[in-house]
Amino acid sequence: MSFLRTAFWVVVAVALALFTKANWAVAPTYSGYIPVKLWGDIILETRLPLLILAAFLLGLVPTWLWARATRWQMQRKLASAERSLANNMTASVPPDPPPPSAPQPSAPPPGDA
């Protein structure tokens, strides 16, 4: 399974590198920059691969943080439940009975002597 995950990320990285290389070069009639109007009169001119990477990270980072927080919360709940279960198991188990002692010889009933 680890191999498949690694192979997937290698394919994604190669595709991203090829996309970046193809879009980084500028044509003679094209400046190579994409204008992005931020607010008011502020315009950011950036290259296409950087714009796509920024948009990807803008969507990925909050989702990743939410998933990590949820996983952390679930691990805390699981650890708490496991501790509670362990405490309940030790409290509800009766103590072991004392080991049986050696059998006592029975005395003859009185009056048979």
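Residues numbered from 1 in each chain as written. Predicted model: local features only at pLDDT ≥ 70, side-chain atom pairs only at ≥ 80, totals over all residues. Heavy atoms only, no water.

**A word on the overall build of the chain**
Consideration 1: In terms of regular secondary structure, the chain is built from two helices and two strands.
Consideration 2: The helix and strand sequence of the chain, counted from the amino end, reads α-β-β-α.
Consideration 3: Taking the intrachain contacts of the chain between residues at least 6 apart in sequence as the baseline, contacts between residues at least 24 apart amount to 23%.
Consideration 4: Element-wise, carbon and sulfur atoms account for 70% of the exposed surface of the chain, whose accessible area totals about 10500 Å². (Helix = DSSP H or I, 4+ residues; strand = E, 2+ residues; numbered from the N terminus. Contact = heavy atoms within 4.5 Å. Areas by Shrake-Rupley, 256 points an atom, 1.4 Å probe, with all protein chains shown as cover.)

**Some points on the pairing of strand β1 (residues 34-39)**
Consideration 1: Along β1, only zero of the six residues are buried, which leaves the element largely exposed.
Consideration 2: Examined bridge by bridge, β1 and strand β2 (residues 42-46) share five bridges and lie antiparallel to one another. Looking at β2, one finds that tryptophan 39 is bridged to isoleucine 42. (Buried < 20%, exposed > 50% of the residue type's maximum accessible area, 1.4 Å probe, protein only. Pairing = 2+ DSSP bridges.)

**Focus: the packing of aromatic side chains**
Consideration 1: Throughout the structure, instances matching the rule amount to one aromatic pair.
Consideration 2: Between phenylalanine 8 and tryptophan 9 the ring centres are 5.2 Å apart and the planes differ by 70°, which places this aromatic pair in the edge-to-face class.
Consideration 3: A residue is classified by how much of its surface remains accessible, and phenylalanine 8, at 48% relative accessible area, is partly exposed.
Consideration 4: Since its relative accessible area comes to 52%, tryptophan 9 is described here as exposed.
Consideration 5: Above the plane of the ring of tyrosine 33 lies arginine 47, whose end atom (NZ or CZ) is 4.7 Å from the centre.
Consideration 6: Between the NZ or CZ atom of arginine 76 and the centre of the ring of tryptophan 72, over which it lies, the distance is 4.8 Å. (Phe/Tyr/Trp six-rings, centres within 6.5 Å; stacked < 30°, edge-to-face > 60°. Lys NZ or Arg CZ within 6 Å of the ring centre and 35° of its normal.)

**Overview of a nonpolar patch on the surface**
Consideration 1: Where nonpolar side chains cluster on the molecular surface, the patch consists of Leu50, Leu53, Phe56, Leu57, Leu60, Val61, Trp64 and Leu65 and spans about 740 Å² of accessible area.
Consideration 2: Turning to its location among the elements, valine 61 is positioned in helix α2 (residues 48-92). (Patch = residues over 30% accessible without salt bridge, like charges linked within 9 Å, V, L, I, M, F, W, Y side chains within 5 Å. Salt bridge = Lys/Arg side-chain N within 4 Å of Asp/Glu carboxyl O.)

**Some words on the side chain of threonine 46**
Consideration 1: Structurally, threonine 46 is set in strand β2.
Consideration 2: In this structure threonine 46 touches Gly32, Tyr33, Ile34, Val36 and Leu51, once residues within four positions along its chain are discounted.

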